[in-house]
Amino acid sequence: METTFESSPLFSLQSKLQSLRTKITSIEAIELAILGVALFGFLVSNSTASPDLLVLFILLVMCKGFLFGSWGIYNGYIRITRATNSRLDYRLRLKLGILTGTYTLWAWLLLDINRFILSKLFYRGEAPVEYAWSSRSKHARNEWEQARKTLSA
């Protein structure tokens, strides 16, 4: 009689959580989803009239769209500027600041602070964390990726 050991669902969940902790964007996505629901709950609980179901759905979509849209632009900006030089980083930052007013300033500052806090609390990956306002962090990530490519080749 042959005995086979099957991994328990709890062990599988723990390994998935450990692999999740190595991806800062996954951590941020989960956190922003929770914040979106909390913001939606706050807005609904503070409303004076009882809103219609369609209005609630539209409000939820707007909260989630605002948070994830801002986060997507933030991550896109980091990816674009990582691939280019730091001089273009400053020009692009200035153009986006002029185009959107102070929205990019405040949104990216808050998202940088959020990323810093999450990286200290939850992130356990080996890749350096990038910030929109730090050219040095993007340069460090670029060097890390190049070193990783040379090791795998």
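Residues numbered from 1 in each chain as written. Predicted model: local features only at pLDDT ≥ 70, side-chain atom pairs only at ≥ 80, totals over all residues. Heavy atoms only, no water.

## Here we look at the overall build of the protein chain
Our working definition: Strands are runs of DSSP state E lasting at least two residues, helices are runs of H or I lasting at least four, and both sets are numbered from the N terminus onward. Categorising residues by exposure relies on relative accessible area from a 1.4 Å probe, with only protein chains included: less than 20% of the type maximum marks a residue as buried, more than 50% marks it as exposed, and the intermediate range marks it as partly exposed. Pairs of residues are marked as contacts when any of their non-hydrogen atoms sit within 4.5 Å. Accessible areas in this description were obtained via Shrake-Rupley with a 1.4 Å probe; residue shielding takes into account the shown protein chains only.
Secondary structure assignment for the protein chain yields six helices and zero strands. Overall, the protein chain shows an N-to-C arrangement of helices and strands of α-α-α-α-α-α. Evaluated residue by residue, the protein chain yields a buried proportion of 25% over its 153 residues. When contacts within the protein chain are restricted to residue pairs at least 6 apart in sequence, long-range pairs at least 24 apart make up 65% of them. Accessible area for the protein chain stands at about 10,800 Å²; split by element, carbon and sulfur atoms hold 68% of it.

## Comments concerning the pattern of salt bridges
The condition is simple: For salt bridges, the criterion is a side-chain nitrogen of Lys or Arg within 4 Å of an Asp or Glu carboxyl oxygen.
Following the criterion strictly, the structure yields two salt bridges and no others. Between R115 and E28 there is a salt bridge, with its nearest N and O atoms 2.8 Å apart. Of this pair, R115 sits in helix α5 (residues 103–121) while E28 sits in helix α2 (residues 24–45), placing them 87 residues apart in sequence. A relative accessible area of 1% means that E28 is categorised as buried. Between E145 and R141 there is a salt bridge; the shortest N-O distance is 3.3 Å. A residue pair is termed a helical-turn pair when its members lie 3 or 4 positions apart in one helix, as E145 and R141 do in helix α6 (residues 135–152) at four residues.

## Description of the packing of α2 against α5
Inclusion rule: Interaxial angle, 0 to 180 degrees, is taken between N-to-C directions of lines fitted to C-alpha atoms, where a helix line uses only the stretch in contact. Orientation categories follow fixed angle ranges, with anything under 35 degrees roughly parallel, anything over 145 roughly antiparallel, 65 to 115 roughly perpendicular, and all other angles oblique. For a crossing to be left-handed, the near helix must be turned anticlockwise from the far one by less than a right angle; the clockwise case is right-handed. In this classification, Asp, Glu, Lys and Arg are treated as charged, Ala, Val, Leu, Ile, Met, Phe, Trp, Tyr, Cys and Pro as nonpolar, and every other residue, Gly included, as polar.
At a minimum axis distance of 10 Å, the contact between α2 and α5 shows a crossing angle of 110°. By the angle class used here, α2 and α5 are roughly perpendicular. In this structure, the crossing between α2 and α5 has a hand that is right-handed. Contacts between α2 and α5 involve I24, T25, I27, E28 and E31 from the first element and L111, N114, R115, L118 and S119 from the second. Taken together, the residues that form the contact of α2 with α5 break down as four nonpolar, three polar and three charged.

## Describing the packing of helix α3 (residues 53–83) against α5
Where α3 meets α5, the axes come as close as 10 Å, and the angle between the chain directions of the two elements is 85°. Looking at the two axes, α3 sits roughly perpendicular to α5. Residue-level inspection shows F66, S70, W71, I73, Y74, N75, Y77 and I78 of α3 in contact with α5, the latter providing Y103, W108, L111, D112 and R115. Here the contact of α3 with α5 is composed, by residue class, of nine nonpolar, two polar and two charged.

## Observations concerning the environment of E126
Looking at the element boundaries, E126 is found in the loop between α5 and α6. Residue class for E126 comes out exposed when judged on its relative accessible area of 64%. In this structure the C-alpha to C-alpha distance between E126 and W144, which are 18 residues apart in sequence, comes to 9.4 Å.

## Digging into the packing of aromatic side chains
Put simply, the rule reads: Aromatic pairs are defined between Phe, Tyr and Trp rings, using the six-membered ring for Trp, whenever the two ring centres lie within 6.5 Å; interplanar angles under 30 degrees are classed as stacked, those over 60 as edge-to-face, and all others as tilted.
Counted under the stated rule, the structure contains four aromatic pairs. Between F68 and W71, the aromatic rings sit 5.9 Å apart at their centres with planes inclined by 75°, giving edge-to-face as the arrangement. You can see F68 and its partner W71 sitting in helix α3, three residues apart, about one turn around the helix. What makes W71 buried here is its relative accessible area of 12%. Here the aromatic cluster, defined as three or more aromatic residues joined through ring pairs, consists of Y77, W108 and W133.

## So, the nonpolar core
Put simply, the test is: Throughout this description, the term nonpolar core refers to a set of buried Ala, Val, Leu, Ile, Met, Phe, Trp, Tyr and Cys residues connected via side-chain atoms within 4.5 Å.
Counting residues in hydrophobic clusters, the biggest one holds 18 residues, and the most contacted among them are W71, Y74, W108, L111, Y123 and A132. Breaking this core down by element, the ones donating at least two residues are α2, α3 and α5. With five residues, α3 is the largest single contributor of residues to this core.

No statement about biological role is implied by the geometric values presented.
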